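Take a look at the letters that make up each chain.
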Amino acid sequence: MADAIQVAVVGHTNAGKTSLLRTLTRRVAFGEVSAQPGTTRHVEVVDLKVNGQSAVRFFDTPGLEDAVTLLDLMKGLDECPTPPDRIRAFLRGPEARGAFEQEAKVLRKMLEVDAGMYVIDSREAVLPKFRAEIEILTWCARPVMPVLNFVRDARSRKDEWLSTLAAYNMHACVQFDAVAPFVGSEQWLYQDMATLMRERRADLTRIVEYLGQQRRERQAAARRVVADLLISLAALRQPIAPEDFADAQKRERFLGDFRAMVLRAARVAVDDLLSIYGFRTDDADVAMLPWLDGRWEDDLFDPETLRDASRTLGTGAALGAAIGAAADIALAGLSLGTATAVGAAIGGLASQGWGQFGRRLANKVRGVQELTLENEVLYILAAHMVDLLAALELRGHAAEGKFKSGPAGGTAELKPLLTALQPGRAHPDWALLERRGTRQDQRRTRLVETVSDRLKPVVDARLQ
């Protein structure tokens, strides 16, 4: 690829320029995003890299503040045969170092770059100050790509803006949302830039292809994280001696430890998903997600949620206070067992398969009982993880608001997923909760890919 395409990102104060760049570059820590106007006071640089090399160099510029007065000033300048000459004459004058210092930084950079992105807060009414900004930017003799930001917001006035931009002969315009970008919107942006920059069309086409590949790889990696978690939890078995099970305090402590183990594994998977999508668990904007404030954990073991899941799955299991564990204390259909003192969900052979009959029988003879996770819990956890994956696909790196999670319990679309998980029940050694980097059984690796493939249509449906 040739030298990086240089793009100045310009616009009115607080239009979302830095927010846009955070999302385009997946750099959640770039710049400062604030509801206060004038946050960016200097030109800052950030690169979009393709295969390790800078493909686009963005210049985040200060906000334009008083374009109406500046336009009047420049129209009064003498001996300026062309619009760019007016811009240069202004930059040589004292006003560029005084009252219009911020605007001068923007226009100076516009004359240096290959193109500009004019970021518009589409929630704003089309006022004279914005018309003045558009006119001034066209004087720079550089291709300018308008980017309508925040178009998902109910207050967006995008139709008014599209009409205004067309009046200034700006017909190539991208509708974006730095907080909740449309799937594929980054690629559309670069495709439209290619129409304005014919000499860099090949480079921009390669960027579009690269972004598509990265998105597919990101989704596949995320699905594998979810699949790996579900297989580990399906395989999880914790034996407990009968004398410990009979002791109420020991039993409750054992059940609590089991539940905590499950939640730790889920939290590790959540962290992995955040990392794949370029977020950090300590980022203020992501900390509002329900998966990081503990509520999803309560939902995972909520009795009513488990009962709903049981009805959806059609298992007919009698669910108690539901810590999400199953105590297999009977075999071969003699009994489905009884709930534990804390109301644990009863597992049973009917819902968990027969592959472990020999080992269970040996444990039964020894009087050892085993704790496993019920299918209902796996179902609810899968639903939450799919919701999180879809949310991260649609969440911009400048988002500050609270994400609204979907209904607990998932959908019937996840039922085939549970069938795919069942081979894991027969392999307690597949519960790789705290042994990362361990050489995996090839059968487990294949099962991860199978479960990941089953997740794809469910995730795709959430993104429609």
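Structural data are supplied above this passage.
Residues numbered from 1 in each chain as written. Predicted model: local features only at pLDDT ≥ 70, side-chain atom pairs only at ≥ 80, totals over all residues. Heavy atoms only, no water.

Draft legend 1. Local environment of unusual backbone geometry. Positive phi outside glycine occurs at Glu79, with the angle close to 55°. The residue Glu79 is located in the loop between helix 2 (67-75) and helix 3 (83-92) in this model. One non-glycine residue, Asn169, lies in the positive phi region at around 65°. Counting through the fold element by element, Asn169 comes out in the loop between helix 6 (158-167) and strand 6 (174-175). Judged by its relative accessible area of 60%, Asn169 falls in the exposed class. (Helix = DSSP H or I, 4+ residues; strand = E, 2+ residues; numbered from the N terminus. Buried < 20%, exposed > 50% of the residue type's maximum accessible area, 1.4 Å probe, protein only.)

Draft legend 2. Fine view of the nonpolar core. Core analysis: the largest hydrophobic core is formed by 57 residues, its most contacted members being Leu229, Leu233, Leu273, Met385, Leu414, Leu421 and Val451. Mapped onto this core, the elements with two or more residues apiece are helix 8 (201-235), helix 10 (248-276), helix 12 (303-313), strand 9 (369-373), helix 15 (375-393), helix 16 (415-421) and helix 17 (442-462). By residue number, the principal contributor to this core is helix 15, which donates 13 residues. The next biggest cluster of nonpolar side chains, apart from the first, holds 36 residues, and it includes Ala104, Phe130, Ile136 and Cys140. (Core = buried A, V, L, I, M, F, W, Y, C linked by side-chain atoms within 4.5 Å.)

Draft legend 3. Spotlight on the side chain of Thr25. With respect to the secondary-structure elements, Thr25 resides in helix 1 (residues 17-25). Taking the relative accessible area as the measure of exposure, Thr25 reaches 11% and is therefore buried. A distance of 2.6 Å separates the side chain of Thr25 from the backbone oxygen of Leu21, its partner in a polar contact. Once residues lying within four places of it in the same chain are set aside, the contact partners of Thr25 are Val46, Asp47, Leu48 and Phe58. (Polar contact = N/O pair within 3.5 Å; in protein donor to acceptor, adjacent residues only side chain to side chain. Contact = heavy atoms within 4.5 Å.)

Draft legend 4. Inspection of the pattern of salt bridges at higher detail. Counting across every chain of the model gives 16 salt bridges. Between Glu112 and Lys109 there is a salt bridge, with its nearest N and O atoms 2.8 Å apart. On the criterion of helical spacing, the pair formed by Glu112 and Lys109 is a turn pair, its members being three residues apart in helix 4 (residues 101-112). Exposure remark for Glu112: the relative accessible area of 48% places this residue in the partly exposed category. Of the charged contacts in the structure, one is a salt bridge between Arg215 and Glu393, with a shortest N-O distance of 3.4 Å. One end of the pair, Arg215, is in helix 8; the other, Glu393, is in helix 15, with 178 residues separating them in the sequence. We classify Arg215 as partly exposed; its relative accessible area is 24%. The class for Glu393 is buried, based on a relative accessible area of 9%. Shared partners join several salt bridges into a network, and the residues in it are Asp121, Arg123, Asp153 and Arg155. (Salt bridge = Lys/Arg side-chain N within 4 Å of Asp/Glu carboxyl O.)

Draft legend 5. Summary view of the pairing of strand 9. Summarising burial for strand 9: five of the five residues are buried, a large majority. The two faces of strand 9 match: Gln369, Leu371 and Leu373 on one face and Glu370 and Thr372 on the other face are all buried. Relative to strand 9, strand 7 (residues 238-240) runs antiparallel, the two sharing three bridges. What sits directly across from Pro239, in strand 9, is Glu370. (Pairing = 2+ DSSP bridges.)

Draft legend 6. Inspection of the environment of Gln191 at higher detail. Residue position: Gln191 is located in helix 7 (residues 185-196). Separated by 17 residues in the primary sequence, Gln191 and Val208 place their C-alpha atoms 6.9 Å from one another.

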